[in-house]
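# Per-entry structural report
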Amino acid sequence: MRHLPSRAAPRSWTRRTDAGRLRARLPGLALWLLLCVPPLLYVLDGLSGPQRWATLAGFPLLALAVLVRRRAPLVAVAVPVVPSLVLSVQLFTGAYFLALAVLGHLAGVRVARARPALWFFTGVALAGVPVCALAARTLWPWFTFLMTLLLNVVLPWLLGRYRRQYAQLVRTGWQLADRMEREQQAVADRTRLRERTRIAGDMHDSLGHELALIALRAGALELDPELAADRRAAAGELRAAAGAATERLREIIGVLRTDDEGAPRRSADESVPELVARARASGLTVTLEQPDEAERPDRAEWPDGAERPGGPEQPDGTERAGAEQAGAAGLPGMTGPAVHRLVQEALTNAAKHAPGAAVRVRIERAEGQLRVTVTNAAPPPGPAPAAVSGGSGLVGLDERVRLAGGTLHSGPTPDDGFTVAARLPLTGGPLTGSDAAPQPTAAARELDRARRQVRRRLRQTVTVPLAVTAALLVLMGAFALVSTEWTILDRASYDRLRPGMPRTQVDDLVPFFHLDVPPEGTPAPPHGWSCTYYGIDPDTTAAYELCFAEGRLVRKAVAHRRDR
């Protein structure tokens with residue numbers, strides 16, 4: 001039996017949707033109610049005329065500002081500016097000071113770039129000039145306007161910017177912490193792979209070298225005319241088997257090697273002279289040159305005509321110790337193995353790629369460096385067995401030399417040979433210019449950039465209001481010096497004024513700007529009168545007083561300063 005869909009399910013989903021929308025709008029509703037408290041108090045205080053209507057209009061305007069505070073934060077700041085100017089050309093009003101401060105702070109939090117906000121503040125400041133000039137007939141309220149804009153809007157905006165940058169710094173820190181946690185989880189995998197990499201390096205360094213020497217000896221036996229044909233064939237099979245083993249070794253190394261190379265270890269427990277002697281015994285024509293050992297008193301002759309540093313062989317193994325001392329005396333811990341590895345790799349490559357060619361190994365000390373050069377001549381003419389190469393020998397050698405603090409250079413010679421040369425330090429530190437200074441990681445650069453932005457925002461929060469205040473004081477001083485000339489009413493125009501004249505005719509005879517305040521001690525005008533004051537002379541404290549009632553001039557007089 002089929003069940004019809006219940007009608008309660010869509011209704012339940014609708015109720016959940018409406019509840020979610022209501023919860024999403026609650027913060028905005030609470031903000032609007034908070035911003036409406038000051039205007040409501042002013043309305044209840046008994047305002048009348050335009051001020052009452054400007055305050056009542058603030059309720060829907062503040063609702064509009066709250067609605068657009070996320071999508072257009074600067075528009076939300078501009079909304080309460082309009083009724084504030086209607087109430088006072090100085091911008092500071094008790095009805096909207098809270099709205100200006102809160103919306104300015106939210107604009108600083110939500111606007112990513114500072115340039116649009118700076119243009120907005122500049123536009124509002126410039127718009128205050130004609131407003132004050134036309135409404136108050138003086139520019140002195142404009143300085144109060146600027147101070148209100150600075151302290152009531154710009155300063156909260158700067159605090160919002162600082163809060164935004166601090167939150168960004170916190171987010172960056174958590175992101176870096178998460179990244180570090182993921183990296184720590186990968187440490188165990190890298191540790192396991194490191195041992196596989198070392199095994200691959202050992203196999204390439206030791207087994208590859210031995211197989212190359214076996215193939216070289218088998219090739220020599222294959223070409224020996226004194227051997228029987230079957231023995232030469234067996235030698236050829238041995239050479240082919242050595243080549244196949246080298247190929248299989250390369251495949252195994254390709255499986256074991258990874259890009260996470262650790263510090264390589266020395267693969268053979270022998271000195272460089274012993275390595276050269278073993279290669280010579282395998283049929284490779286190699287010469288070892290050590291100019292720094294030529295003056296040693298314990299020199300002796302090596303077998304096969306080679307010079308053996310360290311003296312004649314002793315039963316207790318002192319000959320070997322002497323050879324190792326001659327090859328690595330006074331060298332840092334990483335330099336000795338790097339020298340052995342370089343010579344071994346170069347001899348292996350010469351045996352594989354240039355069989356029968358003479359090889360020269362030169363080790364010398366000069367200018368605080370150990371210079372190792374292995375050069376092989378061009379291979380003799382004739383067909384040569386195809387050499388198998390994985391292409392990783394010189395790459396690993398370059399890494400080992402770099403870890404030892406040196407530099408490696410390799411390439412063909414003008415006579416079709418090949419050379420491998422390295423410069424290694426004798427003091428344990430890296431050579432000058434051998435390696436670049438360690439660069440900070442991307443995470444460290446990102447965190448440093450976030451910290452610098454927070455520090456810059458904090459400096460701006462403190463210095464910008466101070467700098468603007470100082471500029472305002474300087475501007476006010478300069479304006480005080482020149483504004484007096486703009487408010488002086490000449491005697492002839494004053495004499496032409498008559499009580500009862502319409503205010504429009506009076507405005508044609510008086511200056512556009514008037515004094516901001518009357519002379520000190522001037523009594524207040526009667527109820528319903530409005531009085532303006534104009535300067536008589538820059539050197540006097542008296543002023544012309546013009547009082548108006550119902551749009552006409554009712555009194556003109558000279559107001560003098562009175563001591564209270």
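Scroll up a little and you will see the structure.
Here the structure is a predicted model, which means the values were calculated and not measured. (Residues numbered from 1 in each chain as written. Predicted model: local features only at pLDDT ≥ 70, side-chain atom pairs only at ≥ 80, totals over all residues. Heavy atoms only, no water.)

## Focus on the overall build of the chain
When its secondary structure is counted, the chain shows 18 helices and 10 strands. Within the chain, counting contacts between residues at least 6 apart in sequence, those at least 24 apart form 67% of the total. Carbon and sulfur atoms make up 59% of the accessible area of the chain, which totals about 32300 Å². (Helix = DSSP H or I, 4+ residues; strand = E, 2+ residues; numbered from the N terminus. Contact = heavy atoms within 4.5 Å. Areas by Shrake-Rupley, 256 points an atom, 1.4 Å probe, with all protein chains shown as cover.)

## What to know about the sheet that holds strand 9 (residues 543-549)
The strand order 8-9-10 describes an open sheet built from 3 strands, whose pairing is antiparallel. Looking at strand neighbours, the two that pair on one side only are strand 8 (530-535) and strand 10 (552-559), the edges of this open sheet. On average, each strand axis in the sheet is tilted by 20° relative to the strand beside it, whichever way the strands run. (Pairing = 2+ DSSP bridges. Axes fitted to C-alpha atoms, helices over the stretch in contact; angles between N-to-C directions.)

## Concerning the packing of helix 12 (residues 272-281) against helix 14 (residues 335-353)
In the contact formed by helix 12 and helix 14, the axes pass within 10 Å of each other and the chain directions differ by 15°. Here helix 12 is positioned roughly parallel relative to helix 14, judged by the angle of their axes. Note that helix 12 runs across helix 14; the crossing there is right-handed. Within the contact between the two elements, helix 12 uses Val-272, Leu-275, Val-276 and Ala-279 and helix 14 uses Val-339, His-340, Val-343, Gln-344 and Leu-347. The residue inventory of the contact of helix 12 with helix 14, partitioned by class, reads 7 nonpolar, 2 polar and no charged. (Parallel < 35°, antiparallel > 145°, perpendicular 65-115°, else oblique. Left-handed = near helix turned anticlockwise from the far one by under 90°. Nonpolar A, V, L, I, M, F, W, Y, C, P; charged D, E, K, R; others polar.)

## Remarks on a positive patch on the surface
A contiguous patch of positive charge on the surface is contributed by Arg-451, Arg-455, Arg-456 and Arg-459. With respect to the helices, strands and loops of the structure, Arg-455 is situated in helix 16 (residues 442-486). (Patch = residues over 30% accessible without salt bridge, like charges linked within 9 Å, V, L, I, M, F, W, Y side chains within 5 Å. Salt bridge = Lys/Arg side-chain N within 4 Å of Asp/Glu carboxyl O. Lys, Arg positive; Asp, Glu negative; His and termini not counted. Charge placed at Lys NZ, Arg CZ, Asp CG, Glu CD.)

## Section: the environment of Gly-283
Mapped onto the secondary structure, Gly-283 falls in the loop between helix 12 and strand 1 (286-289). A C-alpha to C-alpha distance of 8.4 Å links Gly-283 and Gly-356, two positions 73 residues apart in sequence.

## Structural notes on the state of the cysteines
All chains considered together, the criterion is met by 1 disulfide. Disulfide pairing is shown between Cys-531 and Cys-547; the S-S distance is 2.0 Å. Negative torsions about the S-S bond denote left-handed disulfides, and the value of about 105° found for Cys-531 with Cys-547 makes this one right-handed. With Cys-531 in strand 8 and Cys-547 in strand 9, the pair connects residues that are 16 residues apart, well separated along the chain. The two residues Cys-531 and Cys-547 agree in class, both being buried. (Disulfide = S-S within 2.5 Å. Buried < 20%, exposed > 50% of the residue type's maximum accessible area, 1.4 Å probe, protein only.)

## Description of helix 8 (residues 115-135)
Between its first and last C-alpha, helix 8 extends 30 Å over 21 residues, near the 30 Å set by a 1.5 Å rise per residue. The complete set of buried residues in helix 8 reads Ala-117, Phe-120, Phe-121, Val-124, Ala-125, Gly-128, Cys-132 and Ala-133. Against helix 5 (73-78) and helix 9 (140-185) lie the buried residues of helix 8. Within two residues after helix 8, Arg-137 carries a phi angle of roughly 55°, on the positive side. (Expected span 1.5 Å × (residues − 1).)

## So, the pairing of strand 9
Within strand 9, 7 of the 7 residues are buried, which leaves it mostly tucked inside the rest of the structure. By the alternation rule, side chains of strand 9 split into Ala-543, Glu-545, Cys-547 and Ala-549 and Tyr-544, Leu-546 and Phe-548, which are all buried. Bridge count between strand 8 and strand 9: 6 bridges; the pairing is antiparallel. Each bridged residue has a counterpart across the sheet, and for Tyr-534 the counterpart in strand 9 is Tyr-544. In this sheet, strand 10 lies alongside strand 9 in antiparallel orientation, the contact comprising 7 bridges. Bridging from a neighbouring strand, Tyr-544 pairs with Val-558 of strand 10. Counting the residues in the hairpin turn of strand 9 and strand 10 gives 2 residues, including Glu-550, whose phi is positive at 55°.

## Overview of the side chain of Arg-69
Tracing the backbone shows Arg-69 in the loop between helix 4 (58-67) and helix 5. When sequence neighbours within four positions are dropped, the list of residues in contact with Arg-69 reads Pro-27, Gly-28, Leu-31, Ala-76, Leu-106 and Arg-110.

## Some thoughts on the nonpolar core
In terms of nonpolar packing, the biggest core is built from 47 residues, with Leu-35, Leu-103, Phe-121 and Leu-149 touching the most fellow members. Ranked by residues supplied to this core, first place goes to helix 9 with 10 residues. (Core = buried A, V, L, I, M, F, W, Y, C linked by side-chain atoms within 4.5 Å.)

## Describing the packing of helix 8 against helix 9
One can describe the packing of helix 8 onto helix 9 by two numbers: an axis separation of 9 Å at closest approach and a directional angle of 160°. One way to sum up the angle between helix 8 and helix 9 is to call them roughly antiparallel. Between helix 8 and helix 9 lies a crossing of right-handed hand. Two secondary-structure elements touch here, helix 8 through Ala-117, Leu-118, Phe-121, Val-124, Ala-125, Gly-128, Val-129 and Cys-132 and helix 9 through Pro-141, Trp-142, Phe-145, Leu-146, Leu-149, Val-153, Val-154 and Trp-157.

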